[in-house]
Amino acid sequence: MSWVEARNLPRHVGIIMDGNGRWATLRGEDRQAGHKAGSAAVRRIVRVSRRLGISALTLYAFSEQNWARPQGEVEALMGLLEEFLKSERDEILDNGIRLVAIGDTGRLPEFVRESLDPLARASSENEKMTLALALSYGAREEIAHVARALATAAIAGQIDPTEITAKLIASRIPSLSVGEPDLILRTGGEQRLSNFLLYGAANAELVFSDRLWPDFDEADLFDAIHTYQTRTAAYSPHDESRRG
Ligand code: FPP
């Protein structure tokens, strides 16, 4: 396990949790078993991130594209999400975690919303860490949503089109309300962003791990942060003028 420096932690870490299906196949189990083990990894990594002092964690829990998966798999993922929200509720509230959801959450089934919305409300003043769950999320869709809102405001005369700058757009992007991601990590060996945090990824360090998500543990997270710290040692990642 690598050492990490408390001084130069990434503030906002985004994770593409990939490899649940392959993990299950390797064990001769169905994909749902992989997602269940993936849920346990979510609990583990949220806990470690909080203890480390990471300010924000955005987890790609269900993409816009995931709706196209077989109905049984979508239902299993929704069930695991509900279970996670219920079982982690006390830990989230007791530890000062603010839970937010980003994405087209209106598409989520009622039973998930019934656990999600009250927890988001109850935790909204918490300040220790933000846990953002990307649900029914797609970064292009998120950008399109902001573009539509700005175009509507411009037509209504509330904003002048010349005021629409990259900075203004960033300020309206929900996934960036906790700041730009400093580190985007993908497990499972693929090296793609798959429509995750695209606008915010402009200056993020990208780290790819071969570990399948259900196996991803504290030591793997430390390795990823160590890689981030080694790469950013030569510049100040939070100094706007030196980014690029
Ligand atoms: C990718 O694995 C992962 C997902 C589609 C969703 C991630 C979901 C979880 C980790 C569990 C539930 C989440 C929470 C927050 C409780 P894959 O099926 O694409 O894996 P593969 O590439 O090996 O097929």
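One can find the structure itself at the top, above this paragraph.
Bear in mind the structure is a predicted one, so any value in this text is a computation, not a measurement.

1. As for the overall build of the protein
Right, so step 1: Scanning the protein from N- to C-terminus turns up seven helices and six strands.
Right, so step 2: When the helices and strands of the protein are placed in sequence order, the string is β-α-α-β-α-β-α-β-α-α-β-β-α.
Right, so step 3: The C-alpha atoms of the protein give 18 Å as radius of gyration, which agrees with the globular expectation for 244 residues (18 Å, within 12%).
Right, so step 4: In terms of overall dimensions, the protein has a C-alpha envelope of 60 × 45 × 35 Å along the principal axes.
Right, so step 5: In the protein, which comprises 244 residues, the share counted as buried stands at 47%.
Right, so step 6: The long-range fraction of contacts in the protein, counting pairs at least 24 apart against all pairs at least 6 apart in sequence, stands at 78%.
Right, so step 7: Per element, the accessible surface of the protein, about 12300 Å² overall, is 49% carbon and sulfur.
Right, so step 8: Looking at the protein, you have 29 positive and 35 negative side-chain charges, and the mean spots of the two groups are 1 Å apart.

2. A short note on the site of the ligand
Right, so step 1: Around the ligand sit 17 residues in total, of which Met17, Asp18, Arg22, Arg31 and Arg69 are the nearest.
Right, so step 2: Within the backbone of glycine 21, an N or O atom sits 3.0 Å from an oxygen atom of the ligand.
Right, so step 3: Here an oxygen atom of the ligand and a backbone polar atom of arginine 22 are 2.7 Å apart.
Right, so step 4: Burial of the ligand by the surrounding chains reaches 92%, relative to a free accessible area of 620 Å².
Right, so step 5: Counting atoms within 2 Å of the grid points, the majority share of the ligand lands in the largest pocket.
Right, so step 6: For the shell around the ligand, the secondary-structure elements that each account for two or more residues are helix H1 (20-26), helix H2 (31-52) and helix H3 (71-94).
Right, so step 7: Residue contributions to the shell around the ligand peak at five residues, all from H2.
Right, so step 8: Of the residues belonging to the shell around the ligand, the class tally is six nonpolar, seven polar and four charged.

3. Examining the packing of aromatic side chains
Right, so step 1: Inspection of every chain in the model, using the stated rule, returns five aromatic pairs.
Right, so step 2: Taking 5.9 Å as the distance between ring centres and 80° as the angle between the ring planes, the aromatic pair formed by tyrosine 60 and tyrosine 137 counts as edge-to-face. Placement of the pair is tyrosine 60 in strand S2 (residues 56-63) and tyrosine 137 in strand S4 (residues 129-137), with a sequence separation of 77 residues. In this pair, the class of tyrosine 60 matches that of tyrosine 137, namely buried.
Right, so step 3: Seen in terms of ring centroids, tyrosine 137 and phenylalanine 196 are 6.2 Å apart; in terms of plane orientation they differ by 80°. Their pairing is edge-to-face. Pair noted here: tyrosine 137 is in strand S4 and phenylalanine 196 is in the loop between strand S5 (183-186) and strand S6 (205-208), with a separation of 59 residues, a long-range link.

4. Focus on the sheet that holds S6
Right, so step 1: The strand order across the open sheet built from six strands is S3-S4-S2-S1-S5-S6, with neighbouring strands paired in parallel fashion. Single-partner strands in this sheet number two, and they are strand S3 (97-102) and S6. Across the sheet, the mean angle separating the axes of adjacent strands is 20° when strand polarity is ignored.
Right, so step 2: Pairing between S3 and S4: six bridges, direction parallel. By the bridge assignment, alanine 101 is partnered in S4 with leucine 133.

5. What to know about empty space enclosed by the protein
Over the atoms rolls a probe the size of a water molecule, and its path tells where empty space is left.
Right, so step 1: Inspection of every chain in the model, using the stated rule, returns two cavities of 30 Å³ or more.
Right, so step 2: Computed from the structure, the largest cavity encloses a volume of approximately 70 Å³.
Right, so step 3: Lining of the largest cavity is provided by Arg43, Val46, Arg47, Arg50, Phe84, Glu88, Glu91, Ile92 and Ile97.
Right, so step 4: Counting only elements with at least two residues in the lining of the largest cavity, the list comes to H2 and H3.
Right, so step 5: Residues of the lining of the largest cavity, tallied by class, amount to four nonpolar, no polar and five charged.
Right, so step 6: Space inside the second largest cavity adds up to approximately 40 Å³.
Right, so step 7: Lining the second largest cavity, in full, are Thr58, Val100, Ile102, Ala132, Pro174, Ser175, Ser177 and Val178.
Right, so step 8: Its residues placed into classes, the lining of the second largest cavity shows five nonpolar, three polar and no charged.

Cut-off values and rules
Residues numbered from 1 in each chain as written. Predicted model: local features only at pLDDT ≥ 70, side-chain atom pairs only at ≥ 80, totals over all residues. Heavy atoms only, no water. Helix = DSSP H or I, 4+ residues; strand = E, 2+ residues; numbered from the N terminus. Rg over C-alpha atoms; globule rule 2.2 N^0.38 Å. Buried < 20%, exposed > 50% of the residue type's maximum accessible area, 1.4 Å probe, protein only. Contact = heavy atoms within 4.5 Å. Areas by Shrake-Rupley, 256 points an atom, 1.4 Å probe, with all protein chains shown as cover. Lys, Arg positive; Asp, Glu negative; His and termini not counted. Charge placed at Lys NZ, Arg CZ, Asp CG, Glu CD. Near = heavy atom within 4 Å. Polar contact = N/O pair within 3.5 Å; in protein donor to acceptor, adjacent residues only side chain to side chain. 1 Å grid on protein atoms, 1.4 Å probe; cavity = no way out; pocket = protein on both sides within 12 Å on 5 of 7 lines; lining within 4 Å. Sits in = over half its atoms within 2 Å of the grid points. Nonpolar A, V, L, I, M, F, W, Y, C, P; charged D, E, K, R; others polar. Phe/Tyr/Trp six-rings, centres within 6.5 Å; stacked < 30°, edge-to-face > 60°. Pairing = 2+ DSSP bridges. Axes fitted to C-alpha atoms, helices over the stretch in contact; angles between N-to-C directions. Points joined across faces, edges and corners; volume = space filled by probe spheres on them.

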